[in-house]
Amino acid sequence: MFKLLRQSFLMLLVMTVITGVLYPLAATGLSRLAFAHQADGSLITRDGKPVGSALIGQSFDDPRYFWGRPSATAPNPYNGGASSGSNKGPTNPALVDAVKQRIATLRGADPGNHAPVPVDLVTASGSGLDPQISPAAAQYQVARVARLRRLDVAQVQALVSAHTQGRQLGVLGEPRVNVLELNLALDALARR
């Protein structure tokens, strides 16, 4: 009996070292070698200082900037520690009211824009952290951003086009625009 307990304890110790120490160290080391930028959080820097991540959205409410998807995280938007969806279905009165309020906010920021509002500007994603919007959502905001920044609409559309990413491997996902990167490009354009 003592021999069996000793073997079991030794096996537990060996497996703990392999699966709890060696494997995580090897996986972390390989990921840092193969995907260094992603392993470091896909940080976006400006003037040598990190300003955000390409993987987690940021809240923009100034009408001179492009706005991203609404965040479902609480109490603060884009809180990585509270990642989750709202779990509200399309017939939920609270979701309907939230969408109506978001549409009113968009219309209030750009009263002359009577185009249909893209769905990703008024609904949160499953994670509540999306850093990207659809090209249609970016195009919806071009006139407002151009007007408030006193830029030519064609200039702002060119920035949107330059920051539109296609489908991964040509077939996965949808075309998208990273809001933080686009807004940083807008600021860089204004500094010229």
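Residues numbered from 1 in each chain as written. Predicted model: local features only at pLDDT ≥ 70, side-chain atom pairs only at ≥ 80, totals over all residues. Heavy atoms only, no water.

Visitor: Tell me about unusual backbone geometry, and name the residues and values.
Guide: Of note, Y78 is a non-glycine position whose phi angle comes to about 60°, a positive value. Within the secondary structure layout, Y78 lies in the loop between β2 (49-53) and α3 (93-109). In this structure Y78 comes out as buried when scored by relative accessible area, which is 12%. A positive phi is found at R150, a non-glycine position, where the angle reads about 55°. The residue R150 is located in the loop between α4 (135-149) and α5 (153-162) in this model. When its relative accessible area of 78% is taken as the criterion, R150 is described as exposed. (Helix = DSSP H or I, 4+ residues; strand = E, 2+ residues; numbered from the N terminus. Buried < 20%, exposed > 50% of the residue type's maximum accessible area, 1.4 Å probe, protein only.)

Visitor: Could you give an account of the side chain of D120, naming the residues involved and the relevant values?
Guide: Locating D120 in the fold gives a position in the loop between α3 and β3 (132-133). The buried charged residue D120 lacks any salt bridge, with R69 as its nearest oppositely charged partner at 5.4 Å. From its side chain, D120 meets the backbone nitrogen of S134 in a polar contact 2.7 Å long. Aside from chain neighbours lying at most four places away, what touches D120 is R69, P70, I133, S134 and A137. (Lys, Arg positive; Asp, Glu negative; His and termini not counted. Salt bridge = Lys/Arg side-chain N within 4 Å of Asp/Glu carboxyl O. Polar contact = N/O pair within 3.5 Å; in protein donor to acceptor, adjacent residues only side chain to side chain. Contact = heavy atoms within 4.5 Å.)

Visitor: Can you tell me about the packing of aromatic side chains, naming the residues and giving the values?
Guide: If you walk through the whole model with that rule in mind, you get one aromatic pair. Note on F60 and Y65: the rings are 5.5 Å apart at their centroids and 35° apart in plane angle, and the pair reads as tilted. Judged by its relative accessible area of 19%, F60 is buried. Lying across the ring of W67, R144 places its NZ or CZ 4.4 Å from the centre. Its guanidinium or amino end placed over the ring of Y65, R149 lies 4.6 Å from that ring's centre, counting from NZ or CZ. (Phe/Tyr/Trp six-rings, centres within 6.5 Å; stacked < 30°, edge-to-face > 60°. Lys NZ or Arg CZ within 6 Å of the ring centre and 35° of its normal.)

Visitor: Account for the pattern of salt bridges, with residues named and values stated.
Guide: According to the stated counting rule, one finds seven salt bridges in the structure shown. Where D110 meets R147, a salt bridge forms, and the shortest distance between an N and an O atom there is 3.1 Å. Taken together, the positions of D110 in the loop between α3 and β3 and R147 in helix α4 put the pair 37 residues apart, joining distant regions of the chain. Taken together, the shared-partner salt bridges connect R46, R149 and D187 into one network.

Visitor: Now, about the layout of surface pockets: what can you tell me, with residues and values included?
Guide: Reported here for the largest pocket is a volume of approximately 330 Å³. Surrounding the largest pocket, 16 residues form its lining, F60, W67, G68, R69 and P70 being those nearest its centre. For the lining of the largest pocket, the class distribution of residues is seven nonpolar, six polar and three charged. Reported here for the second largest pocket is a volume of approximately 160 Å³. Every residue along the wall of the second largest pocket is listed here: S71, A72, G85, S86, K88, L95, A98, R102, T123, A124, S125 and G126. Its residues placed into classes, the lining of the second largest pocket shows four nonpolar, six polar and two charged. (1 Å grid on protein atoms, 1.4 Å probe; cavity = no way out; pocket = protein on both sides within 12 Å on 5 of 7 lines; lining within 4 Å. Points joined across faces, edges and corners; volume = space filled by probe spheres on them. Nonpolar A, V, L, I, M, F, W, Y, C, P; charged D, E, K, R; others polar.)

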